Amino acid sequence: FTYQTGEAHWQLLLRARALENQCYVLGAAQGGQHSARRQTWGHSAAIDPWGQLMAELGHGEGHLLVDLAPEFLSQCRQRLPALQHRRL
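Let me begin by describing the structure that accompanies this report. (Residues numbered from 1 in each chain as written. Predicted model: local features only at pLDDT ≥ 70, side-chain atom pairs only at ≥ 80, totals over all residues. Heavy atoms only, no water.)

With respect to the overall build of the chain
Helices and strands together make up the secondary structure of the chain, namely two helices and five strands. Its helices and strands taken in sequence order, the chain reads α-β-β-β-β-β-α from the N to the C terminus. Against the 2.2 N^0.38 benchmark of 12 Å for 88 residues, the chain shows a C-alpha radius of gyration of 15 Å, more extended than a compact globule. Intrachain contacts of the chain at a sequence separation of at least 6 include 45% that bridge at least 24 residues. Considering the chain, the positive charge centre built from 8 side chains and the negative charge centre built from 7 side chains are found 12 Å apart. (Helix = DSSP H or I, 4+ residues; strand = E, 2+ residues; numbered from the N terminus. Rg over C-alpha atoms; globule rule 2.2 N^0.38 Å. Contact = heavy atoms within 4.5 Å. Lys, Arg positive; Asp, Glu negative; His and termini not counted. Charge placed at Lys NZ, Arg CZ, Asp CG, Glu CD.)

Okay, structure coming up:
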């Protein structure tokens, strides 16, 4: 994402994907100034199946460590059984 679009949309879209798919979403993002005309947003993030931010890197190099809890995933899917409504 560019700096402008990333600031407005990056985390919002990651959270939406986690909610609609009821899964953990790990968004790896390139960030920084690449040329005089190109800057990217960065902000790698981990989102839980309920759409909550678990961890975010921000700008610069680094890594994130999060615990993925299968039992929490099951709880989310029980609270909102949207996946049962899929057409196969």
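On we go from here.
Overview of the environment of Ala 28
In this fold, Ala 28 is placed in the loop between strand E1 (25–27) and strand E2 (31–35). Considered as a pair, Ala 28 and Ala 46 are 18 residues apart in the sequence and their alpha carbons are 8.7 Å apart.

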